[in-house]
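Letter by letter, the chains look like this.
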Amino acid sequence: TFLGEQHDLEAIARWGKTHGLRSIPLGVFDDPDGPPTYRIAKDAEVTVLLFVQQKVQFNFAFRAGELRPQAIEAICAAVPKLLSKK
């Protein structure tokens with residue numbers, strides 16, 4: 001989900017195709033703070049949210065430069081937990 005009012009929807013669709021995103025929904029939310037249930041950290045450069053049935057189960061927020069291999073491993077470690085919540 002891209003946050004904020006100014007987004008080129010065609011460019012977002014092209015980006016999704018370029019990166020082979022087929023089963024991950026892409027969208028735009030007009031408010032730069034995001035939906036309240038997302039709990040987006042204001043100082044995050046990247047936020048990864050993992051959902052089950054449209055409910056946030058895991059929220060990983062990273063400031064600039066914090067998204068490193070260790071962080072990606074932590075996200076990947078949450079996936080089996082996420083699948084067990086289905």
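Residues numbered from 1 in each chain as written. Predicted model: local features only at pLDDT ≥ 70, side-chain atom pairs only at ≥ 80, totals over all residues. Heavy atoms only, no water.

**Student:** Mind showing me how you'd approach helix α2 (residues 69–84) here?
**Tutor:** Every α-helix carries 3.6 residues per turn, so stepping three or four residues along brings you back to the same face. For α2, with 16 residues, the first-to-last C-alpha span of 24 Å sits near the 22 Å given by 1.5 Å per residue. Residues of α2 that are buried include every one of Ala 71, Ile 75, Ala 78 and Leu 82, and no others. Against β3 (46–52) and β4 (55–62) lie the buried residues of α2. (Helix = DSSP H or I, 4+ residues; strand = E, 2+ residues; numbered from the N terminus. Expected span 1.5 Å × (residues − 1). Buried < 20%, exposed > 50% of the residue type's maximum accessible area, 1.4 Å probe, protein only. Contact = heavy atoms within 4.5 Å.)

**Student:** What should I look at first to understand helix α1 (residues 9–18) in this one?
**Tutor:** Residue Asp 8 occupies the N-cap position of α1, its side-chain oxygen lying 3.1 Å from the main-chain nitrogen of Glu 10. Positive backbone phi, approximately 65°, marks Gly 20, located one or two places after α1. (Polar contact = N/O pair within 3.5 Å; in protein donor to acceptor, adjacent residues only side chain to side chain.)

**Student:** I'm lost on the pairing of β4 in this one. Help?
**Tutor:** Looking along a regular strand, one sees the side chains alternate between the two faces of the sheet. Note: β3 against β4, seven bridges, orientation antiparallel. Bridge assignment links Leu 49 to a residue of β4, and that residue is Asn 59. (Pairing = 2+ DSSP bridges.)

**Student:** Teacher, can you tell me more about unusual backbone geometry here?
**Tutor:** Residues other than glycine predominantly adopt negative phi, and peptide bonds predominantly adopt the trans conformation. Even without a glycine there, the phi angle at Gln 53 is positive, about 50°. Mapping Gln 53 onto the fold places it in the loop between β3 and β4. Phi at Gln 54 is positive, roughly 65°, even though this residue is not glycine. Looking at where Gln 54 falls in the secondary structure, it is placed in the loop between β3 and β4.

**Student:** Quick question: what am I supposed to make of the packing of aromatic side chains here?
**Tutor:** By convention here, two paired aromatic rings are described through the distance between centres and the angle between planes. All chains considered together, the criterion is met by three aromatic pairs. For the ring pair Phe 2 and Trp 15, a centre distance of 5.9 Å and an interplane angle of 85° mean the geometry is edge-to-face. Of this pair, Phe 2 sits in strand β1 (residues 2–3) while Trp 15 sits in helix α1, and the two are 13 residues apart along the sequence. An angle of 70° between the planes, with centres 5.5 Å apart, marks the rings of Tyr 38 and Phe 51 as edge-to-face. With Tyr 38 in the loop between β2 (28–29) and β3 and Phe 51 in strand β3, this residue pair connects regions lying 13 residues apart in the sequence. (Phe/Tyr/Trp six-rings, centres within 6.5 Å; stacked < 30°, edge-to-face > 60°.)

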